[in-house]
Amino acid sequence: VQLVESGGGLVQPGGSLRLSCAASGFTFSGYPMSWYRQAPGKERELVARLTSAGVVTNYADSVKGRFTISRDNAKNTVYLQMNSLKPEDTAVYYCRLRIGVRDYWGQGTHVTVSS
């Protein structure tokens, strides 16, 4: 299993970024996928989750109305569109896969929201 995040960077408050997580080594279309984030000095937290079919099941309250999770099963990729970014969105963003009792994580992509 391999998960590779990309799309992070430095953005001004109010700006947008689109994160991607390219997956391989398993049947991508068969599993839910999630985005998590970890800010400096804080615990990792769930940002958004969607089912194998692309139905969104969770958004963190702090991102509702601003972030959109989606997936393209033909491209084995899950996305996180982030709009109206705030400084408090600064974190390392990870995609996560659970197969059975095992969790798989990517290496993360850094998002910094600052003027």
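Summary of the structure given here. (Residues numbered from 1 in each chain as written. Predicted model: local features only at pLDDT ≥ 70, side-chain atom pairs only at ≥ 80, totals over all residues. Heavy atoms only, no water.)

**Some words on the nonpolar core**
Residues Leu3, Trp35, Val78, Leu80, Met82 and Tyr93 are the most contacted members of the largest nonpolar core, which totals 29 residues. Every element with two or more residues in this core is listed here: strand S3 (17–24), strand S4 (33–38), strand S5 (45–50), strand S7 (67–72), strand S8 (77–82), strand S9 (91–99) and strand S11 (109–113). (Core = buried A, V, L, I, M, F, W, Y, C linked by side-chain atoms within 4.5 Å. Buried < 20%, exposed > 50% of the residue type's maximum accessible area, 1.4 Å probe, protein only. Helix = DSSP H or I, 4+ residues; strand = E, 2+ residues; numbered from the N terminus.)

**Observations regarding the pairing of S3**
Direction of pairing for strand S1 (residues 2–6) relative to S3: antiparallel, over a ladder of 5 bridges. Looking at S3, one finds that glutamine 2 is bridged to serine 24. Summarising the sheet, S3 and S8 pair through 6 bridges and their orientation is antiparallel. Bridge pairing in S8 places cysteine 21 opposite valine 78. (Pairing = 2+ DSSP bridges.)

**Looking at the packing of aromatic side chains**
The full count for this structure, using the stated rule, is 4 aromatic pairs. Aromatic pair phenylalanine 26 and tyrosine 31: ring centres 6.0 Å apart, planes at 65°, arrangement edge-to-face. You can call tyrosine 31 partly exposed: its relative accessible area is 27%. Through successive ring pairs, a cluster of aromatic residues spans Phe26, Phe28 and Tyr31. One residue, arginine 71, lies across the ring of phenylalanine 28, its end atom 4.3 Å from the ring centre. (Phe/Tyr/Trp six-rings, centres within 6.5 Å; stacked < 30°, edge-to-face > 60°. Lys NZ or Arg CZ within 6 Å of the ring centre and 35° of its normal.)

**Observations regarding unusual backbone geometry**
Backbone phi values are negative for most residues with the exception of glycine, while trans is the configuration of most peptide bonds. With a phi angle near 55°, asparagine 76 is a residue other than glycine that sits in the positive phi range. For asparagine 76, the location among the structural elements is in the loop between S7 and S8. Note on asparagine 76: relative accessible area 26%, which makes it partly exposed. The backbone of serine 84 sits at a positive phi, close to 50°, despite the residue not being glycine. Structurally, serine 84 is set in the loop between S8 and S9. Overall, the relative accessible area of 41% leaves serine 84 in the partly exposed class.

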